[in-house]
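Structural overview
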Amino acid sequence: MPVYKDTSNDSNTYDALIIGAGPAGLTAAIYLCRAQYKVGFIEKDVPGGKIVNTPRVENYPGAGKTDGADLALKMYQQAIDLGAQYIYGNVSNFDSNGRYFRVYTEDGVTRYCKTLLIASGTTENKLDLPNEKELEGKGVSHCAICDGSFTQDKNVAIVGSGAGALGNALYLSSIAKHVYMLNRSEQYKDKQDFLKQIATKENVSISYNTKVTKLIGQDKLEAIEVTDSKTNETKKLDVSYLFVYVGSNASTDFITDKSIIRENGTIAVNENMQTSIPGLYAIGDVNKIKVRQITVACADGTIAALNAVNYLEKWK
């Protein structure tokens, strides 16, 4: 059972703190609150993570077809109703005093916790174009599986040179009217089997040495401008969606202890979602580079929370 003793009267001390409020972090908060622990989650953006910017979610069991923002709000509200505290802020660093984890935010406040869960997710690489941020979720997307169903009978473009771009271009070819594949280099990195399958698709065209140089549209994406990097020839493509697959990085810049960071930038965890540091867990996209789905993030949050409960029961 949880014992507050020296922490219950300190508004900045928690049994568990969670960095990030996406599906992984909110799931963990729900489980920890149900175990009657004092829980807070720190989020620098709107709670809900990337699903907030997803117009429609159709693969979350039990939800049917739902608006991503609505699903995020339900997750957030459930955690709040159970007692979790929402803390708006950006974590700049954390460390340990040998007993408590100390979590520092950019507003100068230090918070303490017995166990810490990192659910900070990933940050997608951008094209660094004007209007890009404003059009995200309005035609500019980083997830074909999430938004592909909205491309029915529409022209779309997908930029990237890796397996993600190839696989998702093949997926979109069965839905969209036409798929423009834009590769900024002269070849794709791997997956020749994908290229063979794509070659059989009449509604897919590939352009190499091609950069997206302009996004056209205000309230929604209407077209893009692309430029051949060898000839400098520029042309306009009328597309309703642009899927950007130019890589992403785990959001771990605030972590100074690099011993828990893998070479690919993700956080190393065991099957219990625990790092090499007792009481420190990492959940969701921040600890993986392959399957990134809402259901997987929720599973991570569940596993970490239940193990954190066991850790807290032994905490002295």
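What this report covers is the structure whose coordinates are included nearby. This one's a predicted model, so the numbers in the text were calculated from it and none came from an experiment. (Residues numbered from 1 in each chain as written. Predicted model: local features only at pLDDT ≥ 70, side-chain atom pairs only at ≥ 80, totals over all residues. Heavy atoms only, no water.)

**Regarding the pairing of strand 9 (residues 155–159)**
Test applied: Classification of residues uses two cut-offs on accessible area relative to the type maximum, computed with a 1.4 Å probe and protein chains only: under 20% is buried, over 50% is exposed, and between them is partly exposed. Numbering of helices and strands runs from the N terminus, with a helix taken as a DSSP run of H or I at least four residues long and a strand as a DSSP run of E at least two residues long. When DSSP finds at least two bridges between two strands, those strands are taken to pair. A right-handed crossover is one whose linking path, passing over the helix from the first strand to the second, runs clockwise when the strands point away from the viewer.
The buried fraction of strand 9 amounts to 4 of the 5 residues, a majority that puts the element mostly inside the structure. Across 5 bridges, the pairing between strand 9 and strand 10 (residues 178–182) is parallel. Following the sheet pairing, A157 is matched in strand 10 by Y180. For the handedness criterion, the β-α-β arrangement of strand 9, helix 5 (residues 163–173) and strand 10 is classed as right-handed.

**A look at the nonpolar core**
Let me state the cut-off plainly: Nine residue types can take part in a nonpolar core, namely buried Ala, Val, Leu, Ile, Met, Phe, Trp, Tyr and Cys, and a core is a set of them joined through side-chain atoms within 4.5 Å. Only heavy atoms matter for contacts: two residues are in contact if any of them lie within 4.5 Å across the pair.
If you look at the biggest cluster of nonpolar residues, it comprises 33 residues, and the most contacted ones within it are I18, L32, V39, F41, L117 and I283. If you tally residues by element for this core, the top one is helix 7 (residues 294–313), at 8 residues. Beyond its immediate chain neighbours, meaning those up to four positions away, L117 contacts A16, L17, I18, I19, A28, L32, Y281, I283, A304 and A305. Formed by 21 residues, the second largest nonpolar core is a distinct cluster that contains L116, I260, I261 and I267.

**Focus on the sheet that holds strand 10**
The criterion, for reference: Axis angles are defined between N-to-C directions and span 0 to 180 degrees, where every axis is a line fitted to C-alpha atoms and, for a helix, only to the segment in contact.
Sheet architecture is open: 5 strands sit in the order 8-15-9-10-11, paired in parallel fashion. At either margin of the open sheet sits one strand with a lone partner, and together these are strand 8 (140–141) and strand 11 (204–207). As defined by bridge partners, strand 10 adjoins strand 11 across 4 bridges and the pair is classed as parallel. What sits directly across from Y180, in strand 11, is S205. Packing of helix 5 onto the sheet brings it into contact with strand 9, strand 10, strand 11 and strand 15 (241–244), and relative to strand 9 it is tilted by some 170°.

**Some points on the environment of L32**
Within the fold, L32 resides in helix 1 (residues 23–34). As a C-alpha pair, L32 and V179 span 147 residues in sequence and 45 Å in three-dimensional space. Among all residues touching L32, those that are not within four sequence positions of it are A16, I18, Y37, V39, L117, A305, A308, V309 and L312.

**A short note on the sheet that holds strand 13 (residues 223–228)**
Within the open sheet, the 3 strands sit side by side as 12-13-14. Their pairing is antiparallel. Strand pairing shows two members of the sheet lacking a second neighbour, strand 12 (210–216) and strand 14 (234–237), which therefore form its edges. Pairs of neighbouring strands in the sheet enclose a mean axial angle of 30°, with direction left out of account. For strand 12 and strand 13, the ladder comprises 6 bridges, and the chain directions are antiparallel.

**Considering the side chain of E132**
Inclusion rule: In this count, Lys and Arg are taken as positive residues and Asp and Glu as negative ones, while His and the chain termini are left out. Here, a salt bridge means any Lys or Arg side-chain nitrogen found within 4 Å of an Asp or Glu carboxyl oxygen. Between N or O atoms, a polar contact is any pair within 3.5 Å; within protein, one atom must be a potential hydrogen donor and the other a potential acceptor, and residues adjacent in sequence are included only when both atoms are from side chains.
Checked against the element boundaries, E132 lands in helix 3 (residues 132–135). No salt bridge is formed by the buried E132. Its closest oppositely charged neighbour is K126, at 5.7 Å. Within the structure, the side chain of E132 is placed 3.1 Å from the backbone nitrogen of L129, a separation counted as a polar contact. For E132, the contacting residues outside a window of four places in its chain are K126, L127 and L215.

**Description of the packing of helix 1 against helix 2 (residues 68–81)**
Which entries qualify depends on this criterion: Angle categories are assigned with fixed cut-offs, so that under 35 degrees is roughly parallel, over 145 is roughly antiparallel, 65 to 115 is roughly perpendicular, and the rest are oblique. Crossing chirality is assigned from the near helix's rotation relative to the far helix, an anticlockwise turn below a right angle marking it left-handed and a clockwise turn marking it right-handed. Residues are grouped as follows: Ala, Val, Leu, Ile, Met, Phe, Trp, Tyr, Cys and Pro are nonpolar; Asp, Glu, Lys and Arg are charged; every other residue, Gly included, is polar.
Following both chains from N to C, one finds helix 1 and helix 2 inclined at 25°, their axes separated by 9 Å at the closest point. Between helix 1 and helix 2, the angle is such that the two are roughly parallel. Crossing handedness for the pair helix 1 and helix 2: left-handed. Contacts between helix 1 and helix 2 involve P23, L26, A29, I30 and C33 from the former and A72, M75, Y76, Q78 and A79 from the latter. Residues of the contact of helix 1 with helix 2, tallied by class, amount to 9 nonpolar, 1 polar and no charged.

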